[in-house]
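# Breakdown of the fold
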Amino acid sequence: MNWIVWDNTLDTGHALIDSDHQELARLFNLLPETAGMPRGKELCGKVLGQIIAHARAHFEREQQLMAEHRYPKIAQHSAEHAMLLDQALIYQAEFDANASEPDIALIDFPEVWLSFHILFSDKDLARFLAQTA
Ligand SMILES: [Fe+2]
Ligand SMILES: [Fe+2]
């Protein structure tokens, strides 16, 4: 079962940004698999940690690109990254505090968490980068 089905609606056209996003989607899609396994709680917690680490590194890469190319919306875009990271850390804290085994139906880490950001903000950034390249 895939939570995030990668199709070209999520493609920004920027190779580095897209490969980061695809890796994030791959990690997200591990959540439903690991939740059903023995030691699901522990495994899901690890995947969650990987998602957050990858997201953090990815946001930094985008912010570096924005700074290098003097993207005019850098402040707004970086603020969105900070908000997404905060939401993920809150979710992780709640997940860690809940001792029960994860029920996949109850894992509500929002698939839309990153999708809207990709669809609007990252695509806007990629269009800008394509013009300035
Ligand atoms: Fe972004
Ligand atoms: Fe992104």
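Right above here is the structure, for reference.
How each quantity is defined
- Residues numbered from 1 in each chain as written.
- Chains lettered and ligands numbered in written order.
- Predicted model: local features only at pLDDT ≥ 70, side-chain atom pairs only at ≥ 80, totals over all residues.
- Heavy atoms only, no water.
- Helix = DSSP H or I, 4+ residues; strand = E, 2+ residues; numbered from the N terminus.
- Polar contact = N/O pair within 3.5 Å; in protein donor to acceptor, adjacent residues only side chain to side chain.
- Contact = heavy atoms within 4.5 Å.
- Donors = N, O, S within 2.8 Å, 3.2 Å for Na, K, Ca; no water.
- Tetrahedral: all angles 85-135°; square planar, octahedral: opposite > 155°, others 65-115°.

## Notes on the side chain of histidine 117
Inspection of the secondary structure assignment puts histidine 117 in helix α4 (residues 112–132). Of the polar contacts made by the side chain of histidine 117, one reaches the side chain of histidine 77; its length is 3.1 Å. Among the polar contacts made by the side chain of histidine 117, one reaches the side chain of glutamate 80 at a distance of 2.7 Å. When residues no more than four places from it in sequence are discounted, the contact partners of histidine 117 are Glu62, His77, Glu80, His81, Leu84 and Asp122.

## With respect to the coordination of the iron ion (ligand 2)
Taken together, the protein ligands of the iron ion (ligand 2) are His21 (NE2), His58 (NE2), Glu62 (OE) and Asp122 (OD), with distances of 2.1 to 2.2 Å. Coordination at the iron ion (ligand 2) is irregular, judged from the 4 donor atoms that bind it and the angles of 83 to 171° they form at the metal. Mapped onto the polypeptide sequence, the residues donating to the iron ion (ligand 2) form the spacing pattern H-x36-H-x3-E-x59-D. Between the iron ion (ligand 2) and the iron ion (ligand 1) the interatomic distance amounts to 3.5 Å, and glutamate 62 serves as a bridging ligand to the pair. Here aspartate 122 lies in helix α4 and glutamate 62 lies in helix α2 (residues 40–68), a separation of 60 residues in the sequence.

Functional significance is not addressed by these values, which are geometric in nature.
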